[in-house]
Amino acid sequence: LLRSSQPLTGPNRRRCREDEKLLGTLLDEGERGFIIDTRSAQAAKQARMGGGGTEPKSSYPQWRRLHRALDRGRPLQESFIRLVEACSDPSLSMDRWLSRLESSRWLGHVKAALSTACLAAQCLDREDSNVLVHGAEGTDTTLLVTALAQLILDPSCRTLEGFQGLLEREWIEAGHPFQLRCARSASSHGRGKQEAPLFLLFLDCVWQLSRQFPFSLEFGEQLLLTLFDNAYASAYGTFLCNNEKERSVLCKVKESTHSLWAWLNQPEEKQKLLNPLYSHNPLVIWPSVEPQSIQLWQGLFLRWIRPSQHLDEAWAEIRRLVEGN
């Protein structure tokens, strides 16, 4: 499973022999691979007309290109804001609530992300093929798909330690620009050009997996909520800056801040994050992406308007019963 952050063409639409040679070395004679492009075919065509985008299929004869458009940037941010506004209005009637939930299109973004990740996972697991996930910049939807695909396929990524490693590798070290994407709260009236809740969309998809496979993830909802909070406002340096160069050279994050992981891995804190129902599952977990299977993450989006006392008590009782046995 590979990711690409560069167009597959050179300047002025010249063929990029280096890319062709690199991708050619990944496949033996007779093998085929898949390029999953997270842009629409039209967007890729427009990019190509401007000097980037994609090469003709003849340049990559062993690779099949699949377009699975995933929104990012302003459309995704506006969707998030509309959902937050709907969830923050307790006066809505049932019909009005359902209408505003649908018009936000947030659950559609969740479905699209999970569907694309499943496609990548299927190419790897069932077709036994190499997969290259390609996007506009390689630091947003590309990371979303590769990280989710690994969660679906690899049980080690579904442990608490493995999930932390996945976030470090696929989001932080790979250069997701947290400072730009999570600049302000969703309830802010401002609309920053670079803001977009890609990381939140990933966490929502992980929550969908945890709901559909309640025994297969070692961590629970509390970890996902903690990660969301710290991505937008944190006392730790884990999600600071936009890339590794800024973190290590310009801001010296490791020298001047504390790690969120170090805090969460303390025994007393770690215990709060673990799923008491967890049982190691060595199998691939294939989520349902049918519309009725995708649900609103109430623990996040309704966390300020619904009491959580009874849910917390039920969770504590589950943990007590499991530990007692």
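A quick note: this is a predicted structure, and the numbers were derived from the prediction, not measured.

Novice: Any chance you could break down the overall build of the chain for me, citing the residues and the numbers?
Specialist: The number of helices and strands found in the chain is 16 helices and 4 strands. The proportion of buried residues among the 325 residues of the chain is 47%. Here the contacts in the chain between residues at least 6 apart in sequence split such that 79% fall between residues at least 24 apart. Element-wise, carbon and sulfur atoms account for 51% of the exposed surface of the chain, whose accessible area totals about 16,700 Å².

Novice: I'd like a description of the side chain of Ser79, backed by residues and values.
Specialist: By secondary structure assignment, the location of Ser79 is in helix H3 (residues 74-87). For Ser79, a relative accessible area of 0% gives the class buried. For Ser79, the side chain forms a polar contact with the main-chain nitrogen of Trp106, separated by 3.3 Å. With residues near it in sequence (within four places) discarded, Ser79 still touches Ser104, Arg105, Trp106 and His109.

Novice: Report on the layout of surface pockets, specifying residues and quantitative values.
Specialist: Of the voids in this model, the largest pocket is the one considered here, and its volume is about 870 Å³. Elements represented by at least two residues in the lining of the largest pocket include exactly helix H9 (198-212), helix H10 (221-232), helix H14 (267-273), helix H15 (298-301) and helix H16 (309-324). For the lining of the largest pocket, the element with the most residues is H16, which contributes 7 residues. Here the lining of the largest pocket is built from residues that sort into 13 nonpolar, 8 polar and 7 charged.

Novice: Explain a nonpolar patch on the surface residue by residue, including any values.
Specialist: On the surface, Phe215, Leu277 and Val322 cluster together into a nonpolar patch covering about 230 Å² of accessible area. In this structure, Val322 sits in helix H16.

Novice: Which residues make up a negative patch on the surface, and what values do they have?
Specialist: Together, Asp28, Glu29, Glu31, Asp125 and Asp128 give the surface a local cluster of negative charge. One can find Asp28 in the loop between helix H1 (17-25) and strand S2 (33-37).

Novice: Go over the packing of helix H5 (residues 106-125) against helix H6 (residues 141-153), please, and point to the residues and values.
Specialist: At their nearest, the axes of H5 and H6 sit 8 Å apart, and the two run at 60 degrees to each other. Looking at the two axes, H5 sits oblique to H6. Relative to H6, H5 is oriented so that their crossing is right-handed. Contacts from Ala113, Leu114, Thr116, Ala117, Cys118, Ala120, Ala121, Leu124 and Asp125 of H5 reach H6 at Leu144, Val145, Leu148, Ala149, Ile152 and Leu153. In terms of residue class, the contact of H5 with H6 is made up of 13 nonpolar, 1 polar and 1 charged.

Procedures and definitions
- Residues numbered from 1 in each chain as written.
- Predicted model: local features only at pLDDT ≥ 70, side-chain atom pairs only at ≥ 80, totals over all residues.
- Heavy atoms only, no water.
- Helix = DSSP H or I, 4+ residues; strand = E, 2+ residues; numbered from the N terminus.
- Buried < 20%, exposed > 50% of the residue type's maximum accessible area, 1.4 Å probe, protein only.
- Contact = heavy atoms within 4.5 Å.
- Areas by Shrake-Rupley, 256 points an atom, 1.4 Å probe, with all protein chains shown as cover.
- Polar contact = N/O pair within 3.5 Å; in protein donor to acceptor, adjacent residues only side chain to side chain.
- 1 Å grid on protein atoms, 1.4 Å probe; cavity = no way out; pocket = protein on both sides within 12 Å on 5 of 7 lines; lining within 4 Å.
- Points joined across faces, edges and corners; volume = space filled by probe spheres on them.
- Nonpolar A, V, L, I, M, F, W, Y, C, P; charged D, E, K, R; others polar.
- Patch = residues over 30% accessible without salt bridge, like charges linked within 9 Å, V, L, I, M, F, W, Y side chains within 5 Å.
- Salt bridge = Lys/Arg side-chain N within 4 Å of Asp/Glu carboxyl O.
- Lys, Arg positive; Asp, Glu negative; His and termini not counted.
- Charge placed at Lys NZ, Arg CZ, Asp CG, Glu CD.
- Axes fitted to C-alpha atoms, helices over the stretch in contact; angles between N-to-C directions.
- Parallel < 35°, antiparallel > 145°, perpendicular 65-115°, else oblique.
- Left-handed = near helix turned anticlockwise from the far one by under 90°.

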